[in-house]
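Topology and contacts: notes
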Amino acid sequence: MGIEHWALGIGHWALGIINRFIQTCLSNDRKQAQELIIHNALHDPLTDLPNRTLLVERLELSINRAKRIETYCYAVLFLDLDRFKVINDSLGHLAGDQLLKSIAQKLKTHLREIDLVARIDGDEFVILLEDIAGIEKAIQITERIIKDFQTPLILNDSEVVISTSIGIVLVTKDYSHASDLLQHADTC
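Residues numbered from 1 in each chain as written. Predicted model: local features only at pLDDT ≥ 70, side-chain atom pairs only at ≥ 80, totals over all residues. Heavy atoms only, no water.

**A look at the packing of helix H2 (residues 52–68) against helix H6 (residues 178–187)**
As a reminder, the rule being used: Comment: axis = line fitted to C-alpha atoms, over the contacting stretch for helices; angle = value between 0 and 180 degrees taken between N-to-C directions. Numbering of helices and strands runs from the N terminus, with a helix taken as a DSSP run of H or I at least four residues long and a strand as a DSSP run of E at least two residues long. When describing relative orientation, an angle under 35 degrees is termed roughly parallel and one over 145 degrees roughly antiparallel, while 65 to 115 degrees is termed roughly perpendicular and anything else oblique. Throughout, a residue-residue contact means that at least one pair of heavy atoms, one from each residue, lies within 4.5 Å. Residue polarity is assigned by list, with Asp, Glu, Lys and Arg as charged and Ala, Val, Leu, Ile, Met, Phe, Trp, Tyr, Cys and Pro as nonpolar; anything else, Gly included, falls into the polar class.
The geometry of H2 relative to H6 is characterised by a closest axis approach of 9 Å and an angle of 105° between their N-to-C directions. With respect to H6, the axis of H2 lies roughly perpendicular. Where H2 approaches H6, its residues Arg 52, Leu 55, Val 56, Leu 59, Glu 60 and Ile 63 are matched on the opposing element by Ala 178, Leu 181 and Leu 182. Classifying every residue of the contact of H2 with H6 by side-chain character gives seven nonpolar, no polar and two charged.

**Re the environment of Ile 146**
Heads up, the condition is: Three labels apply to residues, based on accessible area from a 1.4 Å probe with only protein chains included: buried if under 20% of the type maximum, exposed if over 50%, partly exposed otherwise in between.
Position of Ile 146 among the secondary structure elements: in helix H5 (residues 135–149). Taking the relative accessible area as the measure of exposure, Ile 146 reaches 37% and is therefore partly exposed. As a C-alpha pair, Ile 146 and Ile 162 span 16 residues in sequence and 9.7 Å in three-dimensional space.

**Remarks on the pairing of strand E1 (residues 74–81)**
Basically, it comes down to this: Two strands form a pair only when DSSP identifies at least two bridges running between them.
With seven of eight residues buried, E1 is to be regarded as a mostly interior element. Two strands pair when backbone bridges link them, and E1 and strand E6 (residues 164–171) are joined in this way by eight bridges, in the antiparallel orientation. Within E6, the residue paired with Phe 78 across the bridge is Gly 167.

**With respect to the packing of aromatic side chains**
Operational definition: Side-chain rings of Phe, Tyr and Trp, where Trp is taken by its six-membered ring, are said to pair if the distance between their centres is within 6.5 Å; with planes under 30 degrees apart they count as stacked, over 60 as edge-to-face, and otherwise as tilted. A ring is scored as having a charge over it whenever the NZ atom of a lysine or the CZ atom of an arginine sits within 6 Å of its centre and within 35 degrees of its normal.
According to the stated counting rule, one finds one aromatic pair in the structure shown. The side chain of Arg 65 reaches across the aromatic face of Tyr 72, ending 5.3 Å from its centre.

**Observations concerning the side chain of His 110**
By the element assignment, His 110 lies in the loop between helix H4 (93–108) and strand E2 (116–121). With relative accessibility at 14%, the residue His 110 sits in the buried group. Beyond its immediate stretch of four places on either side in the chain, His 110 contacts Ile 141, Arg 144, Ile 145 and Asp 148.

**Some points on the environment of Ser 176**
Quick note on the threshold: Whenever two N or O atoms come within 3.5 Å, that pair is a polar contact, provided that in protein one can donate a hydrogen and the other can accept it, and provided that, for residues adjacent in sequence, both atoms are side-chain atoms.
Mapped onto the fold, Ser 176 is located in the loop between E6 and H6. Residue Ser 176 is classed as partly exposed on the basis of its relative accessible area, which comes to 39%. Considered as a pair, Ser 176 and Ile 63 are 113 residues apart in the sequence and their alpha carbons are 6.5 Å apart. With residues up to four places along the chain from it excluded, the contact list for Ser 176 reads Glu 60, Ile 63 and Lys 67. Of the polar contacts made by the side chain of Ser 176, one reaches the side chain of Lys 67; its length is 3.4 Å.

**Structural notes on the environment of Thr 47**
Tracing the sequence through the fold places Thr 47 in the loop between helix H1 (2–42) and H2. By relative accessible area, Thr 47 is classed as buried at 7%. As a C-alpha pair, Thr 47 and Lys 101 span 54 residues in sequence and 5.1 Å in three-dimensional space. Not counting chain neighbours up to four residues away, the residues in contact with Thr 47 comprise Leu 100, Lys 101, Ala 104 and Arg 119. Looking at Thr 47, its side chain comes within polar contact range of the side chain of Asp 44, at 2.6 Å.

**Things to note about the side chain of Arg 119**
By the secondary structure assignment, Arg 119 is in strand E2. On the basis of relative accessible area, Arg 119 is assigned to the buried category, the value being 13%. At a separation of 2.9 Å, a polar atom in the side chain of Arg 119 contacts the side chain of Asp 44.

Put into structure tokens, the structure is as follows:
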């Protein structure tokens, strides 16, 4: 009887461990699903870059930081790909999608960890350069991006060179809303 009682106790103990393991797995699956939902809500599905929603959140944080910290300065670069529609129409939408993915990767190579590049619409990208020394730094990064864009890309066995128009806004504490800042960067 003692051995049977001991075996029964081990069985309950093992069931408890299995139960906790299953609950942990379910909890981890739920947590991963929530993280995926949040990620998808804040990122562009094609390029996996942050989307307009995440960009606006980051811009609002920068706007507030600039109001609190006298020396804080940041810049916003608004990029619009030139002749993207022509490339998309002539080489096809799959090639256009591949081009956007390639551009996203190119842009990320020019940024620091604290900076952000977002795809906000079709062929429009915005770069947030956090905590920069001045307009010279924003201009240096812009010049590197323009030079990088001169390197041809291969799409559907065709060599493609794409250019971009870039508006630059150096921001201090003058802005109150991210939408105003984006509009100003788009029209520069």
